Amino acid sequence: MNREVTLPLIVDNRGELQVAAADVSKLLRTVGGRWLRLVEAGQEGLDEDTVAALTIELAKLADRIDVACIAHSSGAASG
């Protein structure tokens, strides 16, 4: 099953971006990493398989954001 995810960007009243995509992808990776460390530390109430699956999905989303930014930058440079 392939689902597209649309992330609203935080912009100011002039339409200028207020959150850098690199910060968003870093946050996604950080959250996943923290979840994994909690599981490794034996945190009760966390299912290892579920945390692993969610962490993988967060990393995939972060990768998609990074790839889209690279593509956008490459397109802007060649256009």
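Structure shown above.
Rules behind the numbers
- Residues numbered from 1 in each chain as written.
- Predicted model: local features only at pLDDT ≥ 70, side-chain atom pairs only at ≥ 80, totals over all residues.
- Heavy atoms only, no water.
- Helix = DSSP H or I, 4+ residues; strand = E, 2+ residues; numbered from the N terminus.
- Expected span 1.5 Å × (residues − 1).
- Buried < 20%, exposed > 50% of the residue type's maximum accessible area, 1.4 Å probe, protein only.
- Polar contact = N/O pair within 3.5 Å; in protein donor to acceptor, adjacent residues only side chain to side chain.
- Contact = heavy atoms within 4.5 Å.
- Salt bridge = Lys/Arg side-chain N within 4 Å of Asp/Glu carboxyl O.
- Patch = residues over 30% accessible without salt bridge, like charges linked within 9 Å, V, L, I, M, F, W, Y side chains within 5 Å.
- Areas by Shrake-Rupley, 256 points an atom, 1.4 Å probe, with all protein chains shown as cover.
- Core = buried A, V, L, I, M, F, W, Y, C linked by side-chain atoms within 4.5 Å.

Asker: Explain helix α1 (residues 21–40) to me, please; I cannot follow it from the model alone.
Answerer: An α-helical segment advances 3.6 residues per turn. Residues three or four places apart therefore align on the same side. For α1, which comprises 20 residues, the first-to-last C-alpha distance of 29 Å matches the rise-based estimate of 28 Å (1.5 Å per residue) to within 8%. Where α1 terminates, the next one or two residues include G42, which has phi positive at roughly 85°.

Asker: I keep staring at the side chain of S25 and nothing clicks. Help me out?
Answerer: By secondary structure assignment, the location of S25 is in helix α1. Note on S25: relative accessible area 4%, which makes it buried. Here D66 takes part through its side chain, which lies 2.8 Å from a polar atom of the side chain of S25. Ignoring sequence-local partners within four residues, the contact set of S25 consists of A62, I65 and D66.

Asker: Looking at this model, I keep getting lost on the side chain of T55. Mind explaining?
Answerer: Considering the arrangement of structural elements, one finds T55 in helix α2 (residues 48–78). A residue is classified by how much of its surface remains accessible, and T55, at 12% relative accessible area, is buried. The contact partners of T55, leaving out residues within four places of it in the chain, are G32, W35 and L36.

Asker: Any chance you could explain the pattern of salt bridges here in plain terms?
Answerer: Close approach of charged atoms allows side chains with opposite charge to pair. Taken as a whole, this structure holds three salt bridges when the rule is applied. In this structure, D66 engages R29 in a salt bridge whose closest nitrogen and oxygen atoms are separated by 2.7 Å. Remark: R29 occurs in helix α1 and D66 occurs in helix α2; sequence separation between them is 37 residues. D66 gets classed as partly exposed once you look at its relative accessible area, which sits at 25%. With relative accessibility at 34%, the residue R29 sits in the partly exposed group. Via salt bridges that share partners, R29, D63 and D66 belong to a single interconnected network.

Asker: What is the right way to read a nonpolar patch on the surface from this model?
Answerer: The grouping of W35, L38, L46 and L54 at the surface amounts to a nonpolar patch, some 310 Å² of accessible area in total. You can call L38 partly exposed: its relative accessible area is 37%.

Asker: I tried to follow the nonpolar core on my own but got confused; where do I start?
Answerer: Within soluble globular proteins, side chains that are nonpolar tend to cluster in buried spots. Judged by nonpolar contacts, L28, L58, L61, A62 and I65 together constitute the single largest core of five residues. Tallying contributions element by element places α2 first for this core, with four residues. If we skip the residues at most four places from it in the chain, L58 touches L28, V31, G32 and W35.

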